[in-house]
Amino acid sequence: MAITLLLLSSGSACGVSESARGGSALVRASEAGAKLDSDLMNGGGTDDTVVLQRVLDRAKGGRGLHLIVDGPALVSGLDIYSNSTIECVGGGGLYLKDRSGRAIVRNGHRSKGEVIDRWISIRNCFLNGNGDGQPILGPPLSTFRAAQEPDGTFMSGLQFFGVHRLFVENVTLWNVRSFGIGVANAKFIQVRNVTVDIGAPPFPEGEGLKAAQAWIKRYAGNRDGLNFAGPIQYLTIDGILLRTWDDGLSFHTDIATAKENVLGPYLGAGPITDVTVNNVVLAGASHGVRLESSSERMDRIVISNISGTARERMAVVSPMFFRQNGNFGAIIFSDVTVDLIHSYPRSELYERIFRDISPEAIAATKQWHSSPEFDVGEEVDLPFFSLNGRIESLQIRHVSTKGTAGRPLIRVGKNALIESLNVDLSVYDPQSLAMPMKLMGRVKRLTFSLEWDGKVAIWNEGGSIEQLRWGRREFE
């Protein structure tokens, strides 16, 4: 277990002595021949990929390897293997070379089946994905253009498909396309003190619709923060700051079963269970947290201590456009202090993107939106919490936010069947503009505690509640 001590140590770069690790090699990039003359914000310098990859390849046979990146390195992408650590010191980090078209760091044996790579750690690094310098492709059936590898895999800063015992700590991912971190087919994962920032200038608040559209066309798209695709089990996240445009934190059990397989060949489908997320800051993310299940199980998910601002939706729990009805077990959101900030209607905000994409993408989008399984209101209502599909137990506790005219705080979609829903909501709304709950689907048991001075708490638009325990006022 000596390697465990190394991965979790927080002292000097060397941590535990190499002799204690049973002969693992500790290598400094500068001593291995890397020039380390790049600039972590602007790139340039000598390409150190070959030198650094030669070091990481020493772990192919199973021997432990600890690479110290002691300066800024220009790379075209690195592969890491079992029993390996990449640690940055002294201003060290990695800058992705123009047109690399792949992840900055990924595991060497990507797989949606057998797991080969184990005990991998990334620590204390600044990773610049140079998003503007990467090729921007399809996907052909998506409204948004994204950066993809040649086989269709969405690019990411850190990419781990088929890993057990993964540790990411004190890492900043800057200007990455498409995802800051992409993980699938993984167990025993720890993510601590991680920042994902798309590196764009501030959104042009108050400058009008044309300025907002220009910003969206230039900087938006599928630029998630942390993206997890099933199967995933035993995941702990503690301390993340997300300035993203699409989802800040997303979990998908079935995304790869869609006919277009938009995330590439290494993603399958599987359950996501036993997840704890704590201390999340949303810095104007377009969407905060997305939980998406079609038929595979999503269960025992606890997400707590969320603060900041979100532009379109704070949280989504839904099967989205899949034909199955969702398979959610027990989900808890607690201690949420997030405000929705101004967003133009999506039909207006994305008008310039729709105008420029392919006819095939437009046709596919219209087909999704017109299918009976898809609840288009999830997208256009822009609620605080968007709920849909079959959910056994959902708790939304200790939530404080501001009311926003015309945008539901809790939207129970038309395809929702929720066995038990417990909501504890406090709304600052001096003008009584809020819509605390928009009810379109079915809730069997609702416990609703609401601190709010408005009149109509539940706007019923064809939904039903079998049992209501009211903590504030009568159902209207």
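Coordinates for the structure precede this section.
Residues numbered from 1 in each chain as written. Predicted model: local features only at pLDDT ≥ 70, side-chain atom pairs only at ≥ 80, totals over all residues. Heavy atoms only, no water.

## Notes on the overall build of the protein chain
The helix and strand inventory of the protein chain stands at seven helices and 24 strands. Per-residue burial for the protein chain yields a buried fraction of 59% across its 476 residues. Across the protein chain, the fraction of contacts at a sequence separation of at least 24, relative to all contacts at a separation of at least 6, is 71%. When the accessible surface of the protein chain is summed, it comes to about 17900 Å², and 50% of that surface belongs to carbon and sulfur atoms. (Helix = DSSP H or I, 4+ residues; strand = E, 2+ residues; numbered from the N terminus. Buried < 20%, exposed > 50% of the residue type's maximum accessible area, 1.4 Å probe, protein only. Contact = heavy atoms within 4.5 Å. Areas by Shrake-Rupley, 256 points an atom, 1.4 Å probe, with all protein chains shown as cover.)

## Examining the state of the cysteines
The full count for this structure, using the stated rule, is one disulfide. The residue that forms a disulfide with Cys 88 is Cys 125, at a sulfur-sulfur distance of 2.0 Å. Here Cys 88 and Cys 125 share a disulfide; its torsion about the S-S bond, 90 degrees, makes the bridge right-handed. One end of the pair, Cys 88, is in strand S5 (residues 84-88); the other, Cys 125, is in the loop between strand S8 (117-123) and strand S9 (126-128), and 37 residues separate them in sequence. The two residues Cys 88 and Cys 125 agree in class, both being buried. (Disulfide = S-S within 2.5 Å.)

## Here's the deal with the packing of aromatic side chains
For the coordinates displayed, the defined rule picks out twelve aromatic pairs. Here the aromatic rings of Phe 203 and Trp 215 are separated by 5.1 Å at their centres, their planes lie at 65 degrees, and the arrangement is edge-to-face. On the criterion of sequence distance, the pair formed by Phe 203 in the loop between strand S11 (179-197) and helix H3 (209-219) and Trp 215 in helix H3 is long-range, its members being twelve residues apart. You'll find Phe 203 and Trp 215 in the same group, each marked buried. Their ring planes at 15 degrees and their centres at 5.3 Å tell us that Phe 228 and Phe 251 sit as a pair that is stacked. Linking Phe 228 in strand S12 (residues 226-243) with Phe 251 in strand S13 (residues 247-252), this pair joins segments that are 23 residues apart in sequence. Comparing Phe 228 with Phe 251 shows no difference in burial state: the two are buried. In this structure, Arg 165 is placed above the aromatic ring of Phe 188, and the distance from its NZ or CZ to the ring centre is 3.9 Å. The lysine or arginine in question, Arg 311, covers the ring of Phe 203, its NZ or CZ lying 4.0 Å from the ring centre. (Phe/Tyr/Trp six-rings, centres within 6.5 Å; stacked < 30°, edge-to-face > 60°. Lys NZ or Arg CZ within 6 Å of the ring centre and 35° of its normal.)

## With respect to the side chain of Ser 156
As for its placement among the helices and strands, Ser 156 is situated in strand S10 (residues 156-174). Looking at Ser 156, its side chain comes within polar contact range of the main-chain oxygen of Leu 158, at 3.3 Å. Non-local contacts of Ser 156, meaning those with residues more than four positions away in its chain, are made with Arg 102, Ala 103, Ile 104, Val 176, Arg 177, Ser 178, Phe 179, Gly 180 and Gly 182. (Polar contact = N/O pair within 3.5 Å; in protein donor to acceptor, adjacent residues only side chain to side chain.)

## Quick notes on the nonpolar core
As a rule of thumb, nonpolar side chains are buried together in soluble globular proteins. Within the largest apolar cluster, 102 residues are counted, with the highest numbers of intra-cluster contacts made by Phe 251, Leu 291, Phe 333 and Leu 421. With eight residues, strand S15 (residues 298-318) is the largest single contributor of residues to this core. Trp 215, Tyr 219, Leu 349 and Tyr 350 belong to the second-largest nonpolar core, a separate cluster that totals eleven residues. (Core = buried A, V, L, I, M, F, W, Y, C linked by side-chain atoms within 4.5 Å.)

## What to know about the pattern of salt bridges
This structure, assessed with the given rule, holds 22 salt bridges. Taking the shortest distance from any N to any O, the salt bridge between Arg 311 and Glu 205 comes out at 2.3 Å. Note that Arg 311 is positioned in strand S15 and Glu 205 in the loop between S11 and H3, a separation of 106 residues in sequence. Here Arg 311 falls in the buried class, since its relative accessible area comes to 4%. Residue classification places Glu 205 among the partly exposed positions, given a relative accessible area of 43%. With a closest N to O distance of 3.4 Å, Asp 299 and Arg 297 form a salt bridge. The buried category is assigned to Asp 299, whose relative accessible area is 12%. Assessed through its relative accessible area of 23%, Arg 297 is described here as partly exposed. Here the salt bridges share partners, and the residues they tie into one network are Asp 79, Arg 102, Arg 106, Arg 110 and Glu 149. (Salt bridge = Lys/Arg side-chain N within 4 Å of Asp/Glu carboxyl O.)

## A short note on unusual backbone geometry
Residues Arg 177 and Ser 178 are joined by a peptide bond in cis, for which omega reads 0 degrees. If you trace the backbone, Ser 178 turns up in the loop between S10 and S11. Geometrically, the link from Gly 230 to Pro 231 is a cis peptide bond, its omega value of 0 degrees lying close to zero. As for its placement among the helices and strands, Pro 231 is situated in strand S12. One non-glycine residue, Asn 83, lies in the positive phi region at around 60 degrees. Mapped onto the elements of the fold, Asn 83 is located in the loop between strand S4 (78-80) and S5.

## Let's talk about the pairing of strand S18 (residues 390-402)
Of the pairings in the sheet, the one linking strand S16 (residues 328-340) to S18 comprises eight bridges and is parallel in character. Note that in S18 the partner of Ser 334 across the bridge is Arg 397. (Pairing = 2+ DSSP bridges.)

## Comments concerning helix H2 (residues 49-56)
Burial within H2 is extensive, with six of its eight residues counted as buried. The complete set of buried residues in H2 reads Thr 49, Val 51, Leu 52, Gln 53, Val 55 and Leu 56. Here the buried face of H2 lies against strand S1 (25-28), strand S2 (65-69), strand S3 (72-75), S4, S5 and strand S6 (93-96).

## Brief notes about H3
Those residues of H3 that sit buried are Ala 212, Gln 213, Trp 215, Ile 216 and Tyr 219. Looking down the long axis of H3, one finds its buried residues gathered within 160 degrees of arc, a one-sided arrangement. Taken from the residues just after H3, Gly 221 is the one with a positive phi, measuring 120 degrees. (Arc of directions from axis to C-beta.)

## Side note on the environment of Met 41
Mapping Met 41 onto the fold places it in the loop between S1 and H2. A relative accessible area of 42% places Met 41 in the partly exposed class. Counting along the chain gives 87 residues from Met 41 to Asn 128, while the straight-line C-alpha distance between them is 7.0 Å.

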